Amino acid sequence: MKAKTSRKPARRKNVESVHPKIKHGGFSTILIVGDDALVAEYSAAASAHNFHILPPEKIRSISTLAKNISLAVELSNLNIEQKRKNLASLDAALPATTAILSSSVTVSVLEQAQWIKLRHRLAGIAALPSLLENSLVEVAPSVDTLEATMEVVKKFFDSLGKEIAIVQDRIGMVLPRILCQIINEAMFAVHTNIASPNDIDTAMKLGTNYPLGPIEWGEKIGFDHVHAVLNALFNDMHEERYRTCPLLKQLAVTGKFWSK
Amino acid sequence: MSLHIGIVGAGTMGAGIAHVAALHQCTVSLYDIHDDVIRRGIERITTELKKGVEKQKFSEEEMTAALKRIRPRTSLADLDTCDIIIEAVIEDLLVKKDLFKKLDAIAHHTTILATNTSSFSVTSIASATKKPHRVVGLHFFNPVHLMNLVEVVRGEHTSDETITRALEFGQQIGKTSVKVNDTPGFIVNRVARPFYGEALRLLGEGVASVEEIDRIVKSEGGFKMGPFELMDLIGIDVNFAVTQSVYEQFFQDSRYRPHPIQQQMVESGKLGRKTKKGFYNY
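Rules used in this analysis
- Residues numbered from 1 in each chain as written.
- Chains lettered and ligands numbered in written order.
- Predicted model: local features only at pLDDT ≥ 70, side-chain atom pairs only at ≥ 80, totals over all residues.
- Heavy atoms only, no water.
- Helix = DSSP H or I, 4+ residues; strand = E, 2+ residues; numbered from the N terminus.
- Buried < 20%, exposed > 50% of the residue type's maximum accessible area, 1.4 Å probe, protein only.
- Contact = heavy atoms within 4.5 Å.
- Areas by Shrake-Rupley, 256 points an atom, 1.4 Å probe, with all protein chains shown as cover.
- Phe/Tyr/Trp six-rings, centres within 6.5 Å; stacked < 30°, edge-to-face > 60°.
- Lys NZ or Arg CZ within 6 Å of the ring centre and 35° of its normal.
- Core = buried A, V, L, I, M, F, W, Y, C linked by side-chain atoms within 4.5 Å.
- Axes fitted to C-alpha atoms, helices over the stretch in contact; angles between N-to-C directions.
- Parallel < 35°, antiparallel > 145°, perpendicular 65-115°, else oblique.
- Left-handed = near helix turned anticlockwise from the far one by under 90°.
- Pairing = 2+ DSSP bridges.
- Buried area = accessible area lost by both parts, 1.4 Å probe.
- Polar contact = N/O pair within 3.5 Å; in protein donor to acceptor, adjacent residues only side chain to side chain.
- Nonpolar A, V, L, I, M, F, W, Y, C, P; charged D, E, K, R; others polar.
- Expected span 1.5 Å × (residues − 1).
- Right-handed = clockwise from strand over helix to strand, strands pointing away.

Enquirer: Which parts of the structure should I look at to understand the overall build of chain A?
Expert: Per the secondary structure count, chain A includes 10 helices and 7 strands. Out of the 260 residues in chain A, the part that is buried amounts to 59%. Across chain A, every contact between residues at least 6 apart in sequence was considered, and the portion connecting residues at least 24 apart equals 73%. Split by element, the accessible area of chain A, about 10,600 Å² in all, is 51% carbon and sulfur.

Enquirer: It is not clear to me how the packing of aromatic side chains should be interpreted in this structure. Could you clarify?
Expert: Describing an aromatic ring pair means giving the distance of the ring centres and the angle of the ring planes. By the definition in use, this model includes 9 aromatic pairs over all chains. Here the aromatic rings of A:Trp217 and B:Phe223 are separated by 5.3 Å at their centres, their planes lie at 35 degrees, and the arrangement is tilted. With one member in each of two chains, A:Trp217 in helix α8 (residues 214-221) and B:Phe223 in the loop between α9 (210-219) and α10 (227-234) form a pair that bridges those chains. Each member of the pair A:Trp217 and B:Phe223 is classed as buried. Ring geometry for B:Phe195 versus B:Tyr196: centroids 5.5 Å apart, planes at 80 degrees, classification edge-to-face. Just as B:Phe195 is buried, B:Tyr196 falls in that class too. A connected cluster of aromatic rings, assembled from ring pairs, spans A:Tyr210, A:Trp217, B:Phe195, B:Tyr196 and B:Phe223. Against the face of A:Phe188 rests B:Arg255, its NZ or CZ located 3.8 Å from the ring centre.

Enquirer: Even after reading the chapter, I still don't get the nonpolar core, so can you show me in this structure?
Expert: Generally speaking, nonpolar side chains in soluble globular proteins are found buried as a group. Grouped together as the largest cluster of nonpolar side chains are 107 residues, with contacts concentrated most on B:Ile213 and B:Phe279. Counting residues per element, this core draws most heavily on helix α6 (residues 175-191) of chain A, at 11 residues. Membership of the second largest hydrophobic core comes to 38 residues, among which are B:Ala10, B:Ala15, B:Leu49 and B:Ala88.

Enquirer: How should the packing of helix α8 (residues 193-204) of chain B against α9(B) be read in this particular structure?
Expert: When two helices pack together, their arrangement is given by the angle between the helix axes and by the axis-to-axis distance. All names here are of chain B. Two elements in contact, α8 and α9, have axes whose closest approach is 10 Å; the angle formed by their N-to-C orientations is 140 degrees. When the axis of α8 is compared with that of α9, the two are oblique. Two packed elements cross with a definite hand, and for α8 against α9 that hand is right-handed. Mapping the contact onto sequence places Phe 195, Ala 199, Leu 202 and Leu 203 in α8 and Val 210, Ile 213 and Val 217 in α9.

Enquirer: Help me out: how do you make sense of the sheet that holds strand β3 (residues 69-75) of chain A in this one?
Expert: Across a sheet, paired strands are connected by hydrogen bonds in the backbone, their directions being either parallel or antiparallel. A sheet is described by the order of its strands in space; here 7 strands give the open sequence β2-β1-β3-β4-β5-β6-β7 (chain A), paired in mixed fashion. Two strands lie at the open edges of the sheet, namely β2 (52-54) and β7 (163-166) of chain A, each paired on one side alone. Going across the sheet, the axis of each strand differs from the next one's by a mean of 30 degrees, ignoring polarity. Pairing geometry for strand β1 (residues 29-34) of chain A and β2(A), over 3 bridges, is parallel. Across the sheet, the residue bridging to A:Ile30 is A:Ile53, located in β2(A). Running at roughly 140 degrees to β7(A), α9(B) makes contact with β6 (136-141) and β7 of chain A of the sheet.

Enquirer: Can you walk me through the interface of chain A and chain B in this structure?
Expert: How big an interface is tends to be stated in terms of the accessible area lost upon association of its parts. Facing the 53 residues of chain A at the interface are 49 residues of chain B. Carbon and sulfur atoms make up 60% of the surface buried where chain A meets chain B, a total of about 4,500 Å² over both sides. Scanning the region where chain A abuts chain B turns up 21 residue pairs in polar contact (both at pLDDT 80 or more). Within the residue set of the side of chain A that touches chain B, elements represented by two or more residues are β6, β7, α6, α7 (197-208) and α8 of chain A. If you tally residues by element for the side of chain A that touches chain B, the top one is α6(A), at 11 residues. Its residues assigned to classes, the side of chain A that touches chain B comprises 31 nonpolar, 10 polar and 12 charged.

Enquirer: Before we go on, may I ask you to explain unusual backbone geometry in this structure?
Expert: With glycine set apart, most residues show a phi of negative sign, and most peptide bonds adopt trans. The linkage connecting B:Asn142 with the following residue, B:Pro143, adopts the cis geometry, with an omega of -5 degrees. Turning to its location among the elements, B:Pro143 is positioned in the loop between β6 (135-140) and β7 (149-154).

Enquirer: Before we go on, may I ask you to explain helix α9 (residues 223-237) of chain A in this structure?
Expert: Since the α-helix advances by 3.6 residues per turn, residues separated by three or four positions end up pointing in the same direction. The end-to-end C-alpha separation of α9(A) is 21 Å, in line with the 21 Å expected for 15 residues at 1.5 Å each. Those residues of α9(A) that fall on the buried side of the exposure criterion are A:Phe223, A:His225, A:Val226, A:His227, A:Ala228, A:Val229, A:Leu230, A:Ala232, A:Leu233 and A:Met237. Lining the buried residues of α9(A) we find α1 (36-48), α6, α8 and α10 (246-254) of chain A together with α8 of chain B. Just downstream of α9(A), A:His238 is the residue with a positive phi angle, here 50 degrees.

Enquirer: Whenever I open this one, the pairing of β3(A) confuses me. Can you help?
Expert: Looking along a regular strand, one sees side chains alternate from face to face of the sheet. Residues and elements named next belong to chain A. Here β3 lies mainly inside the structure; 7 of its 7 residues are buried. Bridge count between β1 and β3: 6 bridges; the pairing is parallel. Within β3, the position partnered with Gly 34 by the bridge is Leu 75. Here 4 bridges tie β3 to strand β4 (residues 99-103), and the two strands are oriented parallel to one another. In the strand pairing of β4, Val 73 is matched with Leu 101. Crossover β3 to β4 through helix α3 (residues 80-93) is right-handed.

What follows is the structure in structure tokens.
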């Protein structure tokens, strides 16, 4: 079974192309904005590879810094209105040659591209807290994304020592969609009093070799992010299959953890 | 105190449970209708135990003692004095119910009757007995001597004492037990459904290929195997049957819906590793 071949990033002339300003081995300046957990994680990973990080508050003075910025990364999954504002500010202030990477697990790259003028410079990434610990990052172009933009993405993650997988632009992308649905199912089992959270985690680790139990994994990612992905999937597909477990929703809203 | 365990069915699961119980000081009465099935079961146990000796998990003396503790039985009545009788026959509800009715009649009133079913309701199986409080699910995983988990399944009428004794047995044979109420798929077969189900949907929607999804799940998620590799290993037909069973038992809740790709693979005879063709070629 083969999937359709990946959509190729568009090749267009007559558009000022994105310039691959990322230097191998880092030493470039990048601006990172978005949800706290993701900003912290991406900043730490990029700093460790010699990137100079401009923190989210710099987005206000971005026009004066614009020339020094090689890449902007937008990492809001939770507040879509804020994401829209951030992307619009970045698009207005940054030179046309600067690429923008944006987390695209709760809203598609294509939809985000409609919020900005220079759509060709935007590419999506599957950003969910804690996933950057691992060795691969999923990336998705929209129909408007230029190949040069994808080159920047590849170069950036290369510099962080990560491989990339190019997938189609769909809410939840690949791993976040599978993982959030597993966590949701485990939460339904807790919610309907079928087993304790600890026993569910133990069963999945010993019975199917999962690296983490689904409940502890949900805590690690943050139930707010898990809920945001599930909610986006539900709104995208209108299928009961993606309905968030009420208990998971409660934890997302109150910010409380289940145990420990 | 050493437990006396009766095991009904000397196939893969029955032999595996006998192996582990005997190695952990239990006396085992291994029952099957046919002599030769028991003989093959004991041969398999012997082979696996020898591997354990080679890997220095236990000594040759311990292996010999374990084998001595396994008694072949071809009459159900010989299981009457067991502390626990574990059923590991084919997954057929009528066969299991018929067996539990017989076991209920022959077993001492303190004997626990356990089922190793993975797909039927423990409550339903217990309904064939007059003492459903002593019926419990003990769901082992294949291969039993390597998989350290047992799901202890509480049926509608299962007593606290039965659960306690089942947990003690799990501990005695060195397994980690988890408690679960009697619901379709228990914990593992239920919570694992989206691992396959969402992967199949992503494939069907053309979001990524088989190879890419497996690579992503392993390298981005840290899973040991990708969903398609794992379906090939389990058997695409077996995985499809489990999915269908959970889906039907939840009255067609869309979270458990099987995918047409699974059906097509099964109908085309691509069942995974065992047919050399599945999502991958072998």
